[in-house]
Amino acid sequence: MGLDGEAGRILIGAVILAAGLSQRMGRPKMTLPWGRRTVIGQVVSVMARAGVEEVRVVTGGAREQVEAALHDLRMAAASIQTVFNPRFAEDHMLLSLQTGLASLPEDVQAALVALGDQPQVQVEVVQAVIQAYQETGAALVVPSYQMRRGHPWLIERGLWEKVLALHPPHTLRDVLNQNAAQIHYLPVETDTVLRDLDTPQEYASQRPQ
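Everything numeric here is computed off the predicted structure, so don't read it as measured data. (Residues numbered from 1 in each chain as written. Predicted model: local features only at pLDDT ≥ 70, side-chain atom pairs only at ≥ 80, totals over all residues. Heavy atoms only, no water.)

### Some remarks on the side chain of Thr38
Point 1. Note on placement: Thr38 falls in strand E4 (residues 37-38).
Point 2. Among residues more than four places away in sequence, those in contact with Thr38 are Met30, Thr31, Leu32, Pro33 and Ala69. (Helix = DSSP H or I, 4+ residues; strand = E, 2+ residues; numbered from the N terminus. Contact = heavy atoms within 4.5 Å.)

As structure tokens, then:
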């Protein structure tokens, strides 16, 4: 999403973490049906509809299937791209975040960090996170439901070097904890910021009918 004005244009990107092995699901969860799309296709579509101008989907496990699932979306918009995390088998989301951040254009000033298995994500929440960043200038904006941190959260480029310098076993939680003083929490009224799909039972209970 860009913001035009005297101060110039603010470009927001998104890193969608979709490199997992889907071990608990037992099959590639990113390519499972979700309405008229797939799980990963729904997440990407929400980001695009929210106005995010540069989207990077980090692949790993089931790379070919994920890329195929996103083929039409990628053909429709050059700003939607997949990037491969060669260390995906280590199953550390930090490595995928680093891969995604490093792939974004230099003029992107902040990035949303989204989960590829969170198709319940809402356009309105994404836009509210972006708006909170534009209004507060906070280095981190995190949606919060009943005092619990959720996704997608936003990280300003000024913190990217610190993220890129981390190594496993550091996690995404460490990224937030180490920069807690810079977080602006955005209360939301929906638990969709907390929900993802890890098991067949979760998929069956949350899948649109």
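That shown, we press on.
### Quick word on the packing of aromatic side chains
Point 1. For the structure shown, the criterion picks out one aromatic pair.
Point 2. When the ring of Phe84 is compared with that of Phe88, the centres are 5.8 Å apart and the planes differ by 55 degrees; the resulting orientation is tilted.
Point 3. Assessed through its relative accessible area of 30%, Phe84 is described here as partly exposed.
Point 4. Lying over the aromatic face of Phe84, Arg63 brings its terminal NZ or CZ to 4.1 Å of the ring centre. (Phe/Tyr/Trp six-rings, centres within 6.5 Å; stacked < 30°, edge-to-face > 60°. Buried < 20%, exposed > 50% of the residue type's maximum accessible area, 1.4 Å probe, protein only. Lys NZ or Arg CZ within 6 Å of the ring centre and 35° of its normal.)

### Some details on the packing of helix H1 (residues 39-49) against helix H5 (residues 123-136)
Point 1. One way to put it is that H1 packs onto H5 with a least axis distance of 9 Å and a crossing angle of 50 degrees. Overall, the two elements H1 and H5 adopt an arrangement that is oblique. Regarding H1 and H5, the two cross each other, and that crossing is right-handed. Listed contacts from H5 to Val46, Met47 and Arg49 of H1 are Val123, Val126 and Gln127.
Point 2. Looking at the contact of H1 with H5 residue by residue, the class counts come to four nonpolar, one polar and one charged. (Axes fitted to C-alpha atoms, helices over the stretch in contact; angles between N-to-C directions. Parallel < 35°, antiparallel > 145°, perpendicular 65-115°, else oblique. Left-handed = near helix turned anticlockwise from the far one by under 90°. Nonpolar A, V, L, I, M, F, W, Y, C, P; charged D, E, K, R; others polar.)

### A closer look at the layout of surface pockets
Point 1. As a volume, the largest pocket reaches approximately 1,000 Å³.
Point 2. Met93, Leu115, His151, Leu172 and Asp196 are, among the 35 residues lining the largest pocket, the residues nearest its centre.
Point 3. Elements supplying a minimum of two residues to the lining of the largest pocket: strand E2 (10-18), helix H4 (93-103), strand E9 (148-149) and helix H7 (172-178). (1 Å grid on protein atoms, 1.4 Å probe; cavity = no way out; pocket = protein on both sides within 12 Å on 5 of 7 lines; lining within 4 Å. Points joined across faces, edges and corners; volume = space filled by probe spheres on them.)

### Things to note about the environment of Gln209
Point 1. Of note, Gln209 is situated in the segment after helix H8 (200-206).
Point 2. Between the C-alpha atoms of Gln209 and Trp34, which are 175 residues apart in sequence, the distance is 8.9 Å.
Point 3. A distance of 2.9 Å separates a polar atom in the side chain of Gln209 from the backbone oxygen of Arg207. (Polar contact = N/O pair within 3.5 Å; in protein donor to acceptor, adjacent residues only side chain to side chain.)

### Section: the pairing of strand E8 (residues 140-145)
Point 1. Counting buried positions along E8 gives six out of six residues, so the element sits mostly inside the fold.
Point 2. Of the two faces of E8, the one lined by Leu140, Val142 and Ser144 and the one lined by Val141, Pro143 and Tyr145 are each fully buried.
Point 3. Direction of pairing for E8 relative to strand E11 (residues 183-187): parallel, over a ladder of five bridges. The partner of Ser144 across the bridge, within E11, is Pro187.
Point 4. Strand direction decides the pairing type here: E8 and E9, joined by two bridges, are antiparallel. By the bridge assignment for E9, Tyr145 is matched with Arg148.
Point 5. The hairpin turn running from E8 into E9, its antiparallel successor, is two residues long, and Gln146 in that turn takes a positive phi close to 50 degrees. (Pairing = 2+ DSSP bridges.)

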